[in-house]
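Coordinate analysis (summary)
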Amino acid sequence: AWVARGVRRPLEAVVEAAEQAVASDDFSRGVPVGGTRETVRVGEAINRLLEKFRGILAEAGRSSESIAQASNGLSVTSAEVSRSTAAQADAAASVAAAIEQASVSVSETAGSARSASDVVENARAGVERALAAMAETVSNVNAVAGLIRESGDNMEALDLSSKKIGGIVRVI
């Protein structure tokens, strides 16, 4: 009975400390070590286990912090990518609008060029008609000038004949 009490009390203290740690999520304290050699070994083994467990929890906390920081960084990067994507979409829309305006301008310019070509063609045809009329007019003026020269020659001949007749009439 004495041996049983010597083992039971230290083991009950170890179990009570372990249950308290689990119930309160507080693994910062160890379990009491005492009693017989076997109960001391059990207490020391549980304390080493708790120490290892504390190390695992600390590492998990650090890893959790690193993951949170990385997650925050990814969130910031994602927001920047989103803003950049929106800016690129806006720029693409602006470029598309500019291309559309250029296309309309090219179409308008082509229409204006066709109109200008039509005007030039009409002007060329008008100039050709004017040149033909002018050539005909020059020809007619030359004909009139020839008639005037001929009339002048005839007038001179008439004047000469008139003078001869006048001379004859004076002689008579």
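Relevant structure appears above.
Quantities reported herein were computed from a predicted structural model and do not represent experimental measurements. (Residues numbered from 1 in each chain as written. Predicted model: local features only at pLDDT ≥ 70, side-chain atom pairs only at ≥ 80, totals over all residues. Heavy atoms only, no water.)

1. Digging into the overall build of the chain
Rule in force here: Helix and strand assignments follow DSSP, with helices taken as H or I runs no shorter than four residues and strands as E runs no shorter than two, numbered in order from the N terminus. The atom set for the radius of gyration is the C-alpha atoms, and the globule formula is 2.2 Å times the number of residues raised to the power 0.38. Each residue is assigned to one of three classes by its accessible area relative to the maximum for its type, calculated with a 1.4 Å probe on protein chains only: buried under 20%, partly exposed between the two thresholds, exposed over 50%. We call two residues in contact whenever any of their non-hydrogen atoms come within 4.5 Å of each other. By the counting rule applied here, Lys and Arg register as positive and Asp and Glu as negative, while His and the ends of each chain are not counted. Working definition for charges: the position is that of NZ of Lys, CZ of Arg, CG of Asp or CD of Glu.
Looking only at helices and strands, the chain features two helices and zero strands. Taking 172 residues into account, the globule formula puts the C-alpha radius of gyration at 16 Å, and the chain, at 62 Å, lies well above it. Overall size of the chain, expressed as C-alpha extent along the three principal axes, is 205 × 20 × 20 Å. Counting all 172 residues of the chain, 6% fall into the buried class. Contacts in the chain between residues far apart in sequence, at least 24 positions, make up 42% of those at least 6 positions apart. Here the chain contributes 18 positive and 22 negative side-chain charges, whose respective centroids are spaced 9 Å apart.

2. A look at the environment of E121
To keep things clear, this is the line we draw: Whenever two N or O atoms come within 3.5 Å, that pair is a polar contact, provided that in protein one can donate a hydrogen and the other can accept it, and provided that, for residues adjacent in sequence, both atoms are side-chain atoms.
Here E121 shows up in helix α2 (residues 37-171). At 2.3 Å, the side chain of E121 forms a polar contact with the side chain of R124.

3. Focus: the pattern of salt bridges
Here is the rule we go by: Here, a salt bridge means any Lys or Arg side-chain nitrogen found within 4 Å of an Asp or Glu carboxyl oxygen.
Enumeration over the complete set of coordinates arrives at seven salt bridges. The partner of D26 in a salt bridge is R29, with the nearest N and O atoms 3.6 Å apart. Given a relative accessible area of 25%, D26 falls into the partly exposed group. Across the pair R54 and E51 runs a salt bridge, and its minimum N-O distance is 2.6 Å. Taken together, the residues span about one helical turn, with R54 and E51 both in helix α2 at a distance of three residues. Among the residues examined, E51 registers a relative accessible area of 48% and is labelled partly exposed. Each of E121, R124 and E128 takes part in salt bridges that share partners, so that together they form one network.

4. A closer look at unusual backbone geometry
Notably, D25 is not glycine yet its phi reads approximately 55°, a positive angle. With respect to the element layout, D25 can be found in the loop between α1 (2-24) and α2. On the basis of relative accessibility, which here comes to 63%, the residue D25 falls in the exposed class.

5. A few points about the side chain of T39
Of note, T39 is situated in helix α2. Residue T39 is classed as buried on the basis of its relative accessible area of 3%. Reaching out from T39, the side chain makes a polar contact with the backbone oxygen of G34 at a distance of 2.8 Å. Polar side-chain contacts of T39 include one of 2.9 Å to the backbone nitrogen of T36.

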